[in-house]
Amino acid sequence: MIELKDVVYCRLGTRDLEGAEWYAVNILGLEVSGRRPGAVYFKSDARQHTLCYFDGDPADQTTAFEIGSAADLNRAGATLDGLGHSIHYGTREECELRHVAAFIGFNDPMGNRIEFVLRPDTTARAYHGTRDAGITGFSHVGLCSDNLERDELFWTQVCNARVSDRIGDAPLMRLGTIHHSIALFPYHKPGIQHINHQVGGTDDIQRSFNFVVENQVNVTFGPGRHPTSSAEFLYFTGPEGMTFEYSSGVVEIHDEPLWRNRQFHFEPKGFCKWGSAPNIAAFKD
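Residues numbered from 1 in each chain as written. Predicted model: local features only at pLDDT ≥ 70, side-chain atom pairs only at ≥ 80, totals over all residues. Heavy atoms only, no water.

Novice: So what exactly am I meant to see when it comes to the pattern of salt bridges here?
Specialist: For the structure shown, the criterion picks out 18 salt bridges. A salt bridge links R35 to E21; its shortest N-O distance comes to 2.6 Å. Of this pair, R35 sits in strand β2 (residues 31–36) while E21 sits in helix α1 (residues 17–26); the two residues are 14 residues apart in sequence, bridging distant segments of the chain. You can call E21 buried: its relative accessible area is 19%. (Salt bridge = Lys/Arg side-chain N within 4 Å of Asp/Glu carboxyl O. Helix = DSSP H or I, 4+ residues; strand = E, 2+ residues; numbered from the N terminus. Buried < 20%, exposed > 50% of the residue type's maximum accessible area, 1.4 Å probe, protein only.)

Novice: What's the story with the nonpolar core in this structure? I'm lost.
Specialist: Nonpolar side chains tend to gather and get buried jointly when the protein is soluble and globular. Grouped together as the largest cluster of nonpolar side chains are 71 residues, with contacts concentrated most on F65, F116 and W155. The greatest single-element share of this core, amounting to five residues, is contributed by α1. (Core = buried A, V, L, I, M, F, W, Y, C linked by side-chain atoms within 4.5 Å.)

Novice: Can you help me understand the sheet that holds strand β16 (residues 243–248) in this one?
Specialist: Strand-to-strand pairing in sheets goes through backbone hydrogen bonds, with the strands running parallel or antiparallel. One open sheet holds the nine strands; their spatial order is β14-β15-β16-β13-β9-β12-β11-β10-β17, and the pairing between them is mixed. Only two strands of the sheet have a single neighbouring strand rather than two, namely β14 (219–225) and β17 (262–264). Going from strand to strand, the sheet's axes swing by 20 degrees on average, the running direction of each strand aside. Sheet topology places β14 next to strand β15 (residues 232–237); four bridges connect them, and they run antiparallel. Within β15, the position partnered with V219 by the bridge is F236. Set on the sheet, helix α5 (residues 202–214) makes contact with β13 (192–199), β14, β15 and β16; between it and β15 the angle comes to about 20 degrees. (Pairing = 2+ DSSP bridges. Axes fitted to C-alpha atoms, helices over the stretch in contact; angles between N-to-C directions. Contact = heavy atoms within 4.5 Å.)

Novice: Whenever I open this one, the packing of aromatic side chains confuses me. Can you help?
Specialist: The geometry of an aromatic ring pair is captured by two quantities: the separation of the ring centres and the angle between the planes. For the structure on display, the rule yields 16 aromatic pairs. Ring geometry for F221 against F233: centres 4.5 Å apart, planes inclined by 50 degrees, an arrangement best described as tilted. Here F221 is found in strand β14, whereas its partner F233 is found in strand β15, with 12 residues between them in sequence. Residue class for F233 comes out buried when judged on its relative accessible area of 0%. Each residue in the set F185, F221, F233, Y235, F266, F271 and F283 is aromatic and connected to the rest through ring pairs, giving one cluster. Directly above the ring of F211 sits R131, whose terminal nitrogen or CZ lies 4.0 Å from the centroid. (Phe/Tyr/Trp six-rings, centres within 6.5 Å; stacked < 30°, edge-to-face > 60°. Lys NZ or Arg CZ within 6 Å of the ring centre and 35° of its normal.)

Novice: Looking at this model, I keep getting lost on the side chain of S181. Mind explaining?
Specialist: Position of S181 relative to the elements: it lies in the loop between β11 (170–174) and β12 (182–186). Overall, the relative accessible area of 4% leaves S181 in the buried class. Apart from residues no more than four positions distant in its own chain, S181 is found in contact with D6, V7, S139, H140, V141, M173, R174 and L175.

As far as function goes, none of this settles anything; it's purely spatial.
Below is the structure:
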């Protein structure tokens, strides 16, 4: 089994790098942590970056997960190769662009681009957002799936994810103690369905709701509270239609033997206990 530690960054292609940077800094509230030709890096916590926008096709989207050791990375590559995945081992230049010691890239069974990375950079400098968004860090990612059962098996049988809860057939899966680091939602083409940042509390959720509305950003869900993770949330639209989420108060699972995943309805009440209804394609029947 491939032992993953955490989700560490997303890479997003964009046809308007300047506009994407403006949004990430002024609306999302991230901090520019570095630049390379055709790419801008953003931090949201102690890591060197958790999001990178680069000049490219908006459909070019990658999610990266940390792995423990070089031996683990090599074993993961051999496992994936044995399962028929086409594996790319990162060159020195590609590793430098990602601020990691090494990585392998491949497509999951759905076709989502995934990287398993070794020793992603952290910094001695704390995150300092440019607006009062209250961000405490990058937390999880939603991935698209046209076969939830198949893709759940990949993440839980090939990798070490565990299902915390399900909304319909859509699994919310943890790698550590946080309720979920990976969520799968039904959609007809591969890609990142949403990107989540944690914020400090209710005040941050409500403040950002007013802020994004005032700035004419499309709110697609919330404010609300998930009955699964117990987190308060707000979803809104970013560059090239990417969905971003703020959430706060997510439950942590510290007693693995006693936790039993729960089943929720794939309808608004399964997504929000406050009665908010999502205007997000992957959250609708």
